[in-house]
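Secondary and tertiary structure notes
So you can see what is in the structure, the chains are spelled out below.
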Amino acid sequence: MALTWQEARITAAAPETPRVRRLTLAVGWSRPFRAGQHVDVRLTAPDGYQAQRSYSIASSPSRPEAIDLLIERLDDGEVSGFFADVAEPGDAIELRGPIGGAFVWDPPQGGPLLLVGGGSGVVPLLSILRHRAEAAPAVPALLLYSARTQEEVIAREELIRRDAEEPGFRLMLTLTRVPGGRRLDAGRIGEALAALGQPAHTFVCGANPFVSAVSDLLVEAGLPPQTIRTERFGG
Amino acid sequence: MVTRGFTGRRPPRPDAERLPPGQYLTDDFPVLQLGPTPKIDLARWRFTLREGAKPLTSWTWEEFEALPRTRWAGDIHCVTKWSKFDTAWEGVTFDDILAAAGIEAPTAYLLAEGYDDYTTNVPVADLAGGKGMVATRYAGEAIPPDHGGPARLLVPHLYFWKSAKWVKGLRFTQKDEAGFWELRGYHMYGDPWREQRFTGD
């Protein structure tokens with residue numbers, strides 16, 4: 001089945017953090033999307049020049065007709081700069097998807113689920129934990145999230161609320177650029193594994209060095225490599 | 001469809017002509033893989049040709065390193081949109097691997113198999129005639145594990161998911177069988193110049 005380009009209208013836009021903007025898009029799918037998947041977007045200039053990028057979906061598959069993308073503004077970002085500064089509700093872009101069949105979680109896969117995100121790498125993990133809360137709240141899940149500062153924590157209030165209200169969900173936040181801040185290290189991984197128990201599935205998403213370091217630590221902590229899925233952003 | 005307010009940043013002309021549709025140029029070497037980087041012990045490394053389940057020939061690391069070596073330099077293109085120019089690889093061409101095994105390709109298709117259980121399909125015609133190799137050097141050094149070392153397939157005229165990392169062998173198949181990504185909606189062939197990213201492209 002071909003993945004065709006569709007016109008998707010931006011229905012809402014709001015700042016999520018100082019560097020991340022949340023865009024809601026009205027989408028019609030030819031097949032349901034799964035938590036963890038991404039879409040390709042395509043922008044076209046008046047002379048026909050086009051640029052494409054991939055963005056993970058942050059929202060839950062239970063609301064397929066309106067997806068949230070959380071787009072971090074990159075320095076000199078050709079496409080992220082457009083989404084940060086130019087795009088407004090009412091505008092349309094081209095989009096196709098859903099894409100990706102490895103970094104996905106469906107409720108029948110069960111848990112426990114260990115989700116490890118660095119910076120905007122938390123985005124596909126948000127889709128997974130939102131879906132879990134609705135469709136499989138009994139599945140234990142722990143989000144180990146490394147961000148630079150409190151104000152750069154994506155979905156901070158929601159995550160804190162879920163941690164307080166959802167019996168099966170635990171948030172462990174690590175801040176790297178604050179006084180006394182620390183990176184995700186073997187000790188922190190050990191704390192997460194002690195709190196969650198042996199995960200059946202682990203999903204790690206973030207920038208290249210983050211994902212390399214964390215997935216090595218997880219293997220060294222004894223997790224079977226085939227239970228760990230990784231997704232990496234950027235170069 | 002013109003996107004309101006999008007002007008874009010075009011690469012200079014010589015770069016633009018080397019970029020397949022939908023790709024952008026990066027100077028980094030991004031890493032894309034399903035899971036953790038496998039730890040591979042060279043003392044236990046083997047590279048094996050199979051026809052279906054039957055092993056045809058197998059090499060140890062020392063034996064493989066003694067095969068004739070070929071250099072290739074050029075551009076690589078990842079389906080996630082980045083392209084990298086002027087990458088330099090060294091390894092053993094598919095032709096030299098078959099010659100060392102003393103065989104001709106028994107079928108027209110194969111699956112490259114990785115130590116991480118990854119698979120991807122490539123037609124024999126896209127490896128023969130100097131088009132593909134098993135690379136063991138990148139930029140003159142051992143290939144770093146995150147980039148597929150100690151050995152990876154290199155089929156640079158196809159999207160880079162075809163260039164299986166941590167390759168442990170090639171399995172000839174009677175017909176064109178889908179590998180890991182091809183089973184998950186990615187294109188069976190993957191020509192970047194025809195933008196064959198997904199099934200139906």
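Rules used in this analysis
- Residues numbered from 1 in each chain as written.
- Chains lettered and ligands numbered in written order.
- Predicted model: local features only at pLDDT ≥ 70, side-chain atom pairs only at ≥ 80, totals over all residues.
- Buried ≥ 20, exposed ≤ 12 C-beta atoms within 10 Å, placed from the backbone.
- Helix = DSSP H or I, 4+ residues; strand = E, 2+ residues; numbered from the N terminus.
- Arc of directions from axis to C-beta.
- Contact = placed C-beta atoms within 7 Å.
- UniProt positions renumbered as here; feature names shortened; annotations may be inferred.
- Pairing = 2+ DSSP bridges.
- Right-handed = clockwise from strand over helix to strand, strands pointing away.
- Axes fitted to C-alpha atoms, helices over the stretch in contact; angles between N-to-C directions.
- Domains from an automatic or database assignment.
- Nonpolar A, V, L, I, M, F, W, Y, C, P; charged D, E, K, R; others polar.

**Quick notes on helix H4 (residues 186–196) of chain A**
Residue and element names in this part refer to chain A.
- All buried positions along H4 are accounted for by Ile 189, Ala 192, Leu 193 and Leu 196. Down the axis of H4, the sector holding all buried residues measures 95 degrees, keeping them to one side. When the buried face of H4 is taken as reference, the exposed residues oriented beyond 90 degrees from it are Gly 187, Gly 190 and Ala 194.
- Where the residues of H4 are buried, they touch strand E7 (113–118), strand E8 (141–147), strand E9 (169–175) and helix H5 (208–220).
- Looking at the residues trailing H4, positive phi occurs at Gly 197, about 90 degrees.

**Concerning unusual backbone geometry**
- Here Gly97(A) and Pro98(A) are connected by a cis peptide whose omega angle stands at 0 degrees.
- Considering the arrangement of structural elements, one finds Pro98(A) in strand E6 (residues 92–99).
- With an omega of 15 degrees, the peptide bond running from Gly149(B) to Pro150(B) counts as cis.
- Among the structural elements, Pro150(B) can be located in the loop between strand E9 (141–142) and strand E10 (152–154).

**Notes on the UniProt feature "domain: FAD-binding FR-type" (unreviewed entry) in chain A**
- Under the local residue numbering, the UniProt record ascribes the feature "domain: FAD-binding FR-type" (unreviewed entry) to residues 3–105 of chain A.
- Along residues 3–105 of chain A the backbone is 6% helical and 47% strand, and the end-to-end C-alpha distance reaches 21 Å.

**Overview of the pairing of E7(A)**
Residues and elements named next belong to chain A.
- Within E7, six of the six residues are buried, which leaves it mostly tucked inside the rest of the structure.
- By the alternation rule, side chains of E7 split into Leu 113, Leu 115 and Gly 117 and Leu 114, Val 116 and Gly 118, which are all buried.
- Of the strand pairs in this sheet, E7 and E8 are connected by six bridges, and their pairing is parallel. Pairing of Leu 114 across the sheet is with Leu 142, part of E8.
- A crossover connection joins E7 to the parallel E8 through helix H2 (residues 123–135); in handedness this β-α-β unit is right-handed.
- Bridge analysis of E7 against strand E10 (residues 201–207) gives five bridges, and the strand direction is parallel.

**Re the sheet that holds strand E6 (residues 109–114) of chain B**
Residue and element names in this part refer to chain B.
- As summarised here, the arrangement of the five strands in space is E3-E2-E11-E6-E7, forming an open sheet in which the pairing is mixed. Either end of the sheet is taken by a strand with one partner, and the two such strands are strand E3 (54–60) and strand E7 (119–123). Sheet twist, expressed as the mean angle between neighbouring strand axes with direction ignored, is 20 degrees.
- The sheet contact formed by strand E2 (residues 46–51) and E3 spans six bridges and is antiparallel. The residue bridging Arg 50 from the neighbouring strand is Pro 55, located in E3.

**Quick word on the domain arrangement of chain A**
All names here are of chain A.
- The assigned domain composition of chain A is domain 1 (6–99) and domain 2 (107–233).
- Just the C-alpha atoms count here: the centres of domain 1 and domain 2 sit 24 Å apart.
- Taken together, the contacts link 16 residues of domain 1 with 14 residues of domain 2.
- Elements supplying a minimum of two residues to the side of domain 1 that touches domain 2: strand E1 (6–17) and strand E5 (66–72).
- Of the residues contributing to the side of domain 1 that touches domain 2, the split by class is seven nonpolar, six polar and three charged.

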